[in-house]
Amino acid sequence: MHCEVIRDLLILYADDCCSKESKALVEEHLQSCQACREALKELRDVSPVAEEPISPPAPLTRVNQWKASLLQSVLLYCSFSLLVFGVFRESITPEGGTNGLWAFALLVPVTGFLLSLANWYFLRLYPSRKAFSRFSLLFTGVFILLGDLWAVIHYQSALSGLFRGTAHTVTPFLAGIALSIALCILSPFLADRYARLSGKE
């Protein structure tokens, strides 16, 4: 058999990927052909380029799914509980200079955070965990600012008390600012934790 035909089969033979018949033909030819034996030796000596193995993404375990759902559920429950408490306190506050203080102190920050949790349902749309975390922070901050803007327009009497500097009006405003900052700081960390548990890279 011609060496050209055998050379075509040598790669398959070296990788042990040829049929029994082809293997027998190659072995028979190799017994009498030094050039083809050397060609086979060169094929076997050449080491393939090591490719970095692509590790498949770690499977999302049931435990991680449960933890992600639990985290989201706890945050939703706590947010709703604080909203109910804030609405109750606001509803029993008499009209006047103190009306609206609970909105600034509790309702607006918590509502902003609660609305930002809706972003968590769109986790798959984000290219990375980092981007998801940053957008969660952005949404929390924007929703809180929009809520504060609405509260300023709606509760002008509470603002007038703030400008007079009475203690019972200044304290809730400061508490609202502190809570808003705390929620904006917590938002990206909690979002990152949720994304990590959900298998987002």
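Now for a look at the structure at hand. In this text the structure is predicted, and so the values were computed from the model without any measurement.

## Here we look at the overall build of the protein
The helix and strand tally for the protein stands at eight helices and zero strands. Reading the helices (α) and strands (β) of the protein from amino to carboxyl end gives α-α-α-α-α-α-α-α. Counting across all 201 residues of the protein, residues that qualify as buried make up 35%. A fraction of 72% describes how many contacts in the protein between residues 6 or more apart in sequence connect residues 24 or more apart. Of the roughly 13,300 Å² of accessible surface on the protein, a fraction of 66% belongs to carbon and sulfur atoms.

## Observations concerning the side chain of Ser116
Residue position: Ser116 is located in helix H5 (residues 101-117). Looking at Ser116, its side chain comes within polar contact range of the main-chain oxygen of Phe113, at 2.6 Å. Here the side chain of Ser116 touches Thr140 through a polar contact of 2.9 Å, side chain to side chain.

## Points about the packing of aromatic side chains
Applying the stated criterion to the full structure yields six aromatic pairs. Geometrically, the ring pair formed by Trp120 and Tyr194 is stacked, given 4.6 Å between the ring centres and 25 degrees between the ring planes. Placement of Trp120 in the loop between H5 and helix H6 (129-154) and of Tyr194 in helix H8 (residues 167-197) is noted, with a sequence separation of 74 residues between them. With respect to burial, Trp120 and Tyr194 carry one shared label: buried. Ring geometry for Phe135 versus Phe139: centroids 6.1 Å apart, planes at 45 degrees, classification tilted. Taken together, the positions of Phe135 and Phe139, both in helix H6 and four residues apart, correspond to about one turn of that helix. Of the aromatic side chains, those joined through ring pairs into one cluster are Tyr126, Phe132, Phe135, Phe139 and Phe143.

## Let's talk about the nonpolar core
Core analysis: the largest hydrophobic core is formed by 30 residues, its most contacted members being Leu75, Trp120, Phe132 and Tyr194. Elements supplying a minimum of two residues to this core: helix H4 (62-91), H5, H6 and H8. A total of ten residues in this core trace back to one element, the largest contributor, which is H5. If we ignore the near neighbours within four places in the chain, the residues touching Trp120 are Leu71, Gln72, Leu75, Phe132, Ser136, Leu190, Ala191 and Tyr194.

## Quick word on the packing of helix H1 (residues 3-14) against helix H2 (residues 20-32)
One can describe the packing of H1 onto H2 by two numbers: an axis separation of 10 Å at closest approach and a directional angle of 120 degrees. When the axis of H1 is compared with that of H2, the two are oblique. Regarding H1 and H2, the two cross each other, and that crossing is left-handed. From H1, Cys3, Ile6, Leu9, Leu10 and Tyr13 reach across to H2, where they touch Ser22, Lys23, Leu25, Val26, Glu27, His29 and Leu30. Split by residue class, the contact of H1 with H2 holds eight nonpolar, two polar and two charged.

## Focus: H4
With 30 residues, H4 extends 43 Å from end C-alpha to end C-alpha; this agrees with the ideal 44 Å at 1.5 Å per step. Inspection of H4 places Ala68, Leu71, Gln72, Leu75, Ser79, Leu83, Gly86 and Glu90 among the buried residues, and these make up the whole buried set.

## Some words on the pattern of salt bridges
Opposite charge on two side chains permits pairing when their charged atoms draw close. The final tally for this structure, using the stated rule, is two salt bridges. With a shortest N-O distance of 2.8 Å, Arg129 and Asp192 are connected by a salt bridge. Here Asp192 lies in helix H8 and Arg129 lies in helix H6, a separation of 63 residues in the sequence. With a relative accessible area of 21%, Asp192 lands in the partly exposed category. We note a salt bridge from Arg196 to Asp192, for which the minimum N-O separation is 3.3 Å. A residue pair is termed a helical-turn pair when its members lie 3 or 4 positions apart in one helix, as Arg196 and Asp192 do in helix H8 at four residues. Given a relative accessible area of 43%, Arg196 falls into the partly exposed group. Connected through salt bridges with shared partners, the residues Arg129, Asp192 and Arg196 form a single ionic network.

Thresholds, definitions, all that
- Residues numbered from 1 in each chain as written.
- Predicted model: local features only at pLDDT ≥ 70, side-chain atom pairs only at ≥ 80, totals over all residues.
- Heavy atoms only, no water.
- Helix = DSSP H or I, 4+ residues; strand = E, 2+ residues; numbered from the N terminus.
- Buried < 20%, exposed > 50% of the residue type's maximum accessible area, 1.4 Å probe, protein only.
- Contact = heavy atoms within 4.5 Å.
- Areas by Shrake-Rupley, 256 points an atom, 1.4 Å probe, with all protein chains shown as cover.
- Polar contact = N/O pair within 3.5 Å; in protein donor to acceptor, adjacent residues only side chain to side chain.
- Phe/Tyr/Trp six-rings, centres within 6.5 Å; stacked < 30°, edge-to-face > 60°.
- Core = buried A, V, L, I, M, F, W, Y, C linked by side-chain atoms within 4.5 Å.
- Axes fitted to C-alpha atoms, helices over the stretch in contact; angles between N-to-C directions.
- Parallel < 35°, antiparallel > 145°, perpendicular 65-115°, else oblique.
- Left-handed = near helix turned anticlockwise from the far one by under 90°.
- Nonpolar A, V, L, I, M, F, W, Y, C, P; charged D, E, K, R; others polar.
- Expected span 1.5 Å × (residues − 1).
- Salt bridge = Lys/Arg side-chain N within 4 Å of Asp/Glu carboxyl O.

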